[in-house]
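Fold and geometry: a report
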Amino acid sequence: MGLKILSTGRALPKTIISNHRLSAMMDTSDEWIVARTGIRCRHIVSGDEDLTSLAVTAAKAAIEKAALDVSDIDMIICATMSGDYVFPSLACCVAEALGALRPAFDINAACSGFVYALEVANQFISTGRAKNILIVCAEMMSRFCDWTDRSTCVLFGDGAAACVVGEGDAIKYLNLTADGHTRLLYQEAGSGNSPFCPKKEPGFLKMSGQDVFKFAVSKIGQEIDRALRTLGLSPDDIDLYILHQANKRIIDSARARLNQPEEKFPVNIDRYGNTSEATIPILLDELLEAGRIKKGTKLLISAFGAGMTTGTCVMIWE
Ligand code: ACO
């Protein structure tokens, strides 16, 4: 016995920043951002919002939709890189806010975090160590961005999504990778004020955009092929390809390669930008709400992120 997703929920910050707004702040334009990425606007944490409150809102929505009580949750796993505290984990902050005093921990697989979290949850549920697990993917990329660097800050957004997973047999394939390319996309932690090592300030997000682009196009292609081959499926057999929303051109390239219609590759990057590991569960929540995912829908989920990591999963919705 493995797992199935019982329910999902999402939460986005209230402030929406359009490309036009960014072009008033820096040397960029709506035309450039839309043509290169597909992004039109993004939600950004502002005022007294924080990541914990977004994560908790998404978590409460998912628990309510599962018709479960907080006491039914056996474990909380957060996929994040940007919790409000370095420690305790975001998962512990969510547990405190929900009053769900259960084992809680964060995992960091960058933008592949949702699929990594699914696999971790799968292991606990398969072995009977947990029955219902709350997964929360929450990211505040606006913390990491250098808002004076137009080549990166226009790409990202903040957001959270959660799902409750329980016993089931939805996952037909799941593969995780990490290839050791740690300098394509990174952020240095800095050295604090330790007197024992050279002073290193915490940095901002750094990215070799074109190398990440090439990695994503080729690796996502390979990982999708591997999933289809392993299951003996053709691209036509998949109902929906739910890909990490990093760049519409990366998604279009995967679609063209597989010769599939546009409606099988849903996108929301135009509205949210890249919210890292939250992109896929936010999209899942929207598709469920729109009735586009039903019992029997065959999904192929694939993500890539810093590391460079990937996570690919084929699921038949239960
Ligand atoms: N507005 C206007 N011009 C810009 C901007 C901007 N925001 N940013 C860069 N430019 C300029 C550059 O300075 C350059 O100008 P030049 O030709 O005068 O030197 C020109 O635009 C072209 O820049 P490139 O970097 O070559 O543009 P490219 O077509 O590669 O697009 C992009 C850049 C969008 C970042 C692309 O490389 C990309 O999407 N890469 C993948 C990024 C990605 O997927 N990140 C997510 C990683 S994983 C995760 O999700 C965390």
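Every value quoted in this text rests on a predicted model; they were computed, and no experiment measured them.

**Some remarks on the pattern of salt bridges**
- Evaluated as defined, the whole model comprises 16 salt bridges.
- For R143, the salt bridge identified is with D84, shortest N-O distance 2.6 Å. Taken as a pair, R143 in the loop between β6 (133-140) and α6 (150-153) and D84 in the loop between β4 (75-79) and α4 (90-98) lie far apart in primary sequence, 59 residues in all.
- Exposure remark for R143: the relative accessible area of 33% places this residue in the partly exposed category.
- Residues participating in the shared-partner salt-bridge network are R10, K65, R271, D285, E286 and E289.

**Points about unusual backbone geometry**
- Here the bond from F87 into P88 is cis, since omega is 0°, no more than 30 degrees from zero.
- Structurally, P88 can be placed in the loop between β4 and α4.
- In this structure, the amide linkage connecting G307 to the following residue, M308, adopts the cis form with an omega of -10°.
- Examined against the element boundaries, M308 turns out to sit in the loop between β12 (298-305) and β13 (309-316).
- The phi dihedral of A110 is positive, around 50°, even though this residue is not glycine.
- Position of A110 relative to the elements: it lies in the loop between β5 (104-107) and α5 (113-126).

**Some points on the site of the ligand**
- As a structural note, the neighbourhood of the ligand is formed by 24 residues, with R36, C111, Q210, N247 and N274 the closest of them.
- One of the side-chain nitrogen or oxygen atoms of Q210 is found 2.5 Å away from an oxygen atom of the ligand.
- Contact distances for the ligand include 2.5 Å between an oxygen atom and a side-chain N or O atom of N247.
- For the ligand, whose accessible area on its own is 1,000 Å², the fraction buried by protein is 75%.
- Judged by the proximity of its atoms to the pocket grid, the ligand belongs to the largest pocket.
- Broken down by element, the shell around the ligand gets its largest block of residues, four residues, from helix α7 (residues 209-231).
- Among the residues making up the shell around the ligand, the classes are represented as 11 nonpolar, nine polar and four charged.
- Among the domains, domain 1 (2-169) and domain 2 (173-316) are the pair contributing at least three residues each to the shell around the ligand.

**Let's talk about the sheet that holds β6**
- Read from one edge to the other, the open sheet built from five strands follows the order β1-β7-β6-β4-β5, with strand pairing classed as mixed. Either end of the sheet is taken by a strand with one partner, and the two such strands are β1 (2-11) and β5. Strand after strand, the sheet turns through a mean of 20° between neighbouring axes, direction not considered.
- Where β1 lies against strand β7 (residues 158-168), nine bridges are found, and the strand directions are antiparallel. Residue pairing in the sheet places R10 in a bridge with A161 of β7.

Calculation criteria
Residues numbered from 1 in each chain as written. Predicted model: local features only at pLDDT ≥ 70, side-chain atom pairs only at ≥ 80, totals over all residues. Heavy atoms only, no water. Salt bridge = Lys/Arg side-chain N within 4 Å of Asp/Glu carboxyl O. Helix = DSSP H or I, 4+ residues; strand = E, 2+ residues; numbered from the N terminus. Buried < 20%, exposed > 50% of the residue type's maximum accessible area, 1.4 Å probe, protein only. Near = heavy atom within 4 Å. Polar contact = N/O pair within 3.5 Å; in protein donor to acceptor, adjacent residues only side chain to side chain. Areas by Shrake-Rupley, 256 points an atom, 1.4 Å probe, with all protein chains shown as cover. 1 Å grid on protein atoms, 1.4 Å probe; cavity = no way out; pocket = protein on both sides within 12 Å on 5 of 7 lines; lining within 4 Å. Sits in = over half its atoms within 2 Å of the grid points. Nonpolar A, V, L, I, M, F, W, Y, C, P; charged D, E, K, R; others polar. Domains from an automatic or database assignment. Pairing = 2+ DSSP bridges. Axes fitted to C-alpha atoms, helices over the stretch in contact; angles between N-to-C directions.

No statement about biological role is implied by the geometric values presented.
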